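# Coordinate inspection notes
What follows is each chain in one-letter form.
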Amino acid sequence: MENSDIFQGKKEVTRYEFAYYLSKTLNKLDTEKASRGDLVILENLVYEFAKELNKFGFDTDLYLSKVKGMEDTLEILKGQVEENQRVIQELQKRIDKLEKK
């Protein structure tokens, strides 16, 4: 494997080389800015390449638990958004009634 931090787009890579670039990417990635779809893709890649990633010292279990924690947080936030929307609708109804008087 070349000792390069830059992936050569059209060059074929081995599974091991792909895992190497994946580990470097995951270490630099700001997962808090990732969408739910991004998290699913990353989770699948980590599962698929766990054996190879662990050879590079990448802690796949820790990373997957971090992703799971973010997914849980997203669900909580989704629930809060839905509740806020319900409250806003109720307040809008009350405002409409007051404006009619």
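What counts, and where the lines are drawn
Residues numbered from 1 in each chain as written. Predicted model: local features only at pLDDT ≥ 70, side-chain atom pairs only at ≥ 80, totals over all residues. Heavy atoms only, no water. Axes fitted to C-alpha atoms, helices over the stretch in contact; angles between N-to-C directions. Helix = DSSP H or I, 4+ residues; strand = E, 2+ residues; numbered from the N terminus. Parallel < 35°, antiparallel > 145°, perpendicular 65-115°, else oblique. Left-handed = near helix turned anticlockwise from the far one by under 90°. Contact = heavy atoms within 4.5 Å. Nonpolar A, V, L, I, M, F, W, Y, C, P; charged D, E, K, R; others polar. Salt bridge = Lys/Arg side-chain N within 4 Å of Asp/Glu carboxyl O. Buried < 20%, exposed > 50% of the residue type's maximum accessible area, 1.4 Å probe, protein only.

## Things to note about the packing of helix α2 (residues 36-48) against helix α4 (residues 60-100)
It is the contact of α2 with α4, at a shortest axis distance of 10 Å, that shows an interaxial angle of 160°. What the angle tells us is that α2 and α4 run roughly antiparallel. Seen from above, α2 lies across α4 with left-handed handedness. Across from Arg-36, Leu-39, Leu-42, Glu-43, Val-46 and Tyr-47 in α2, the residues of α4 making contact are Thr-60, Tyr-63, Leu-64, Val-67, Met-70, Glu-71, Leu-74 and Glu-75.

## Considering the packing of helix α1 (residues 15-28) against α2
Close contact between α1 and α2 brings their axes to 11 Å; oriented N to C, the two are set at 135°. Considering the angle they form, α1 stands oblique to α2. In the crossing of α1 with α2, the sense of the turn from one axis to the other is left-handed. Judged by residue contacts, Arg-15, Phe-18, Leu-22 and Leu-26 of α1 engage Leu-42, Leu-45, Val-46 and Glu-48 from α2. Its residues assigned to classes, the contact of α1 with α2 shows six nonpolar, no polar and two charged.

## Comments concerning the pattern of salt bridges
Within this structure, the stated rule accounts for five salt bridges. Close ionic contact of Glu-48 with Arg-15 constitutes a salt bridge, the shortest N to O distance being 3.1 Å. You can see Glu-48 sitting in helix α2 and its partner Arg-15 sitting in helix α1, a full 33 residues away along the chain. Residue Arg-15 is classed as partly exposed on the basis of its relative accessible area of 38%.

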